[in-house]
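As a plain string of letters, each chain reads:
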Amino acid sequence: MAPSTDFYAQHDPLPGETQEMPSIIPFRRGRRSLRWLVFLLFLSVSLLPLILGELYRFQVYSTYKPGFCLITSGEVQAITTRTKTGVVYQYKPVFTVLLPAQVNSQGGRTRQGFLDGPSTRTYPDYGGANMFVLQNDNQVVGCTYTPTQALPVYLVFYGYSTAHALLDFTSRALPMLIGLLIGYAVFFLNVWLPFALRRWGVTVRGRIVEQKIVGSKNTHIAVVAYRPLHTKKAREYRIEVPDPHLKSEVVLVRYDVLNPKTAYLEQSLHDSAYGYRMAMSWIYVALICAFMIPFLIGTAISVWTLPS
């Protein structure tokens, strides 16, 4: 539907309608840059422990060297995993090994040993894992260990290359990044944007161009058209709003000067429900923080924790 020139050309201002574009655009652009800078700074601080942790892992695993060790005892550990179909059991051989006498006493000669690592495989049945334990009991076998730290011994050592470190970092950083972006989006859309529009938005007249009923609950929706001030083209934008509160075809619309497509009804930013919506938005943000903060701490701790 083409914009109505006569409607927008009316000279009788409505109460609260902005007549001239305020010089707020440079200020809002600065605030937007500052907001992204704070987000990137928080993201960098969150990722720094992961980066340092991966460097620590890479340094530790680079000290592993091949040698021989005596398996003094062994057992089978059961690992349980809950799935949609039930509990799945897997089994892992674990040994107590004695390293050669020339090993640095700081690391200790008696260590825990695994079949392979750093990523340890498991057996799907107990018999296979127990058979491997029985076959290697009291046997001198080839193994890989670090002589200076009391870390596990691996009978088969896969190494920890740069590719392993990058893959490990990505597997931890990607969920963290997704969570932070979701939290930022919730905060921006539900808290910051309504506040910014209420504080610095531009108010223009709008008109109801369509009314419709949508959804299974037969929700009444009004389509409101408006045209921003001093845009390069006389372009009309539209928003959909609940219409039970609308008493006339002419309404006031407050839009964002940086993104004219983003707009709210003027009355929705000042009615009694605004405080309730803001309170609920802060609750959503608090719940996300309550989940994300322990997740960030747990992820940072896990990358610094080596098997022992």
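Everything that follows concerns the structure shown earlier in this document.
Rules used in this analysis
- Residues numbered from 1 in each chain as written.
- Predicted model: local features only at pLDDT ≥ 70, side-chain atom pairs only at ≥ 80, totals over all residues.
- Heavy atoms only, no water.
- Helix = DSSP H or I, 4+ residues; strand = E, 2+ residues; numbered from the N terminus.
- Contact = heavy atoms within 4.5 Å.
- Areas by Shrake-Rupley, 256 points an atom, 1.4 Å probe, with all protein chains shown as cover.
- Expected span 1.5 Å × (residues − 1).
- Bend = angle between axes of the 7 residues up to and from the residue.
- Phe/Tyr/Trp six-rings, centres within 6.5 Å; stacked < 30°, edge-to-face > 60°.
- Buried < 20%, exposed > 50% of the residue type's maximum accessible area, 1.4 Å probe, protein only.
- Pairing = 2+ DSSP bridges.
- Axes fitted to C-alpha atoms, helices over the stretch in contact; angles between N-to-C directions.
- Patch = residues over 30% accessible without salt bridge, like charges linked within 9 Å, V, L, I, M, F, W, Y side chains within 5 Å.
- Salt bridge = Lys/Arg side-chain N within 4 Å of Asp/Glu carboxyl O.
- Polar contact = N/O pair within 3.5 Å; in protein donor to acceptor, adjacent residues only side chain to side chain.

Peer 1: Can you break down the overall build of the protein chain residue by residue, with the values?
Peer 2: Tallying secondary structure elements over the protein chain gives five helices and ten strands in all. Considering only contacts in the protein chain between residues 6 or more positions apart, those separated by 24 or more positions represent 69%. Entry remark: accessible area of the protein chain is about 18400 Å², with carbon and sulfur atoms responsible for 61%.

Peer 1: Explain helix H4 (residues 162-200) to me, using residue names and the numbers behind them.
Peer 2: With 39 residues, H4 extends only 49 Å from end C-alpha to end C-alpha; this falls clearly short of the ideal 57 Å at 1.5 Å per step. The largest bend along H4 reaches roughly 40° and is located at phenylalanine 188.

Peer 1: Account for the packing of aromatic side chains, with residues named and values stated.
Peer 2: One pass over the structure, following the stated rule, counts 20 aromatic pairs. Seen in terms of ring centroids, tryptophan 36 and phenylalanine 39 are 5.7 Å apart; in terms of plane orientation they differ by 85°. Their pairing is edge-to-face. Residue tryptophan 36 and its partner phenylalanine 39 are both found in helix H2 (residues 25-61); the two are separated by three residues, about one turn of the helix. In this structure phenylalanine 39 comes out as buried when scored by relative accessible area, which is 9%. Relative to phenylalanine 195, the ring of tryptophan 192 lies with its centre 5.9 Å away and its plane at 50°, an arrangement referred to as tilted. Taken as a pair, tryptophan 192 and phenylalanine 195 lie in helix H4 at a separation of three residues, close to a single helical turn. Since its relative accessible area comes to 35%, phenylalanine 195 is described here as partly exposed.

Peer 1: Residue-level account of the sheet that holds strand S10 (residues 263-265), with values.
Peer 2: Either a parallel or an antiparallel arrangement is found when strands of a sheet pair, and the pairing is made through backbone hydrogen bonds. In space, the five strands of this open sheet follow the order S8-S7-S6-S9-S10, with antiparallel pairing throughout. Where the open sheet ends on each side, the last strands, each with one partner, are strand S8 (237-242) and S10. This sheet shows a mean twist of 40° between the axes of neighbouring strands, independent of strand direction. Pairing of strand S6 (residues 202-214) with strand S9 (residues 250-255) involves six bridges; the strand directions are antiparallel. Within the sheet, the bridge partner assigned to valine 202 lies in S9 and is tyrosine 255.

Peer 1: Can you break down a nonpolar patch on the surface residue by residue, with the values?
Peer 2: Taken together, the side chains of Leu48, Ile51, Leu52, Leu55 and Trp304 make up a nonpolar region of the molecular surface, amounting to roughly 470 Å² of accessible area. It is H2 that contributes the most residues to the nonpolar patch, four residues altogether. With respect to the helices and strands, leucine 55 occurs in helix H2. Assessed through its relative accessible area of 53%, leucine 55 is described here as exposed.

Peer 1: Explain unusual backbone geometry residue by residue, including any values.
Peer 2: With omega at 5°, the peptide bond leading from glycine 117 into proline 118 counts as cis. Within the chain, asparagine 138 stands out as a residue other than glycine whose phi angle is a positive 60°. With respect to the helices and strands, the residue asparagine 138 is situated in the loop between helix H3 (126-136) and strand S4 (140-145).

Peer 1: With reference to specific residues and values, describe the pairing of strand S2 (residues 86-98).
Peer 2: Within a regular strand, the side chains alternate between the two sheet faces. Pairing of strand S1 (residues 65-83) with S2 involves 13 bridges; the strand directions are antiparallel. Its bridge partner being in S2, serine 73 is matched across the sheet by threonine 96. Hairpin connection from S1 to S2: two residues lie between these consecutive antiparallel strands. Pairing between S2 and strand S3 (residues 110-117): five bridges, direction antiparallel. Bridge assignment links threonine 96 to a residue of S3, and that residue is glutamine 112.

Peer 1: Give a description of the side chain of threonine 203 that names residues and reports values.
Peer 2: Inspection of the secondary structure puts threonine 203 in strand S6. Within the structure, threonine 203 has its side chain in polar contact with the side chain of arginine 254 (distance 3.1 Å).

Peer 1: Which residues make up the pattern of salt bridges, and what are the values?
Peer 2: Opposite charge on two side chains lets them pair, provided their charged atoms get close. On inspection of all chains with the given rule, the structure shows six salt bridges. The partner of glutamate 54 in a salt bridge is arginine 172, with the nearest N and O atoms 3.6 Å apart. One end of the pair, glutamate 54, is in helix H2; the other, arginine 172, is in helix H4, with 118 residues separating them in the sequence. A relative accessible area of 6% means that glutamate 54 is categorised as buried.

Peer 1: Break down the pairing of S3 for me, citing the residues and quoting the values.
Peer 2: Most of S3 sits inside the fold, with six of its eight residues counted as buried. In this sheet, strand S5 (residues 153-157) lies alongside S3 in parallel orientation, the contact comprising four bridges. If you follow glycine 117 over to S5, its bridge partner there is phenylalanine 157.

Peer 1: Any chance you could break down the environment of proline 66 for me, citing the residues and the numbers?
Peer 2: Tracing the backbone through its elements, the reader meets proline 66 in strand S1. Using a relative accessible area of 68% as the deciding quantity, one classes proline 66 as exposed. When the C-alpha positions of proline 66 and leucine 155 are compared, they lie 9.3 Å apart, and in sequence the two are 89 residues distant. Aside from chain neighbours lying at most four places away, what touches proline 66 is Cys143 and Thr144.

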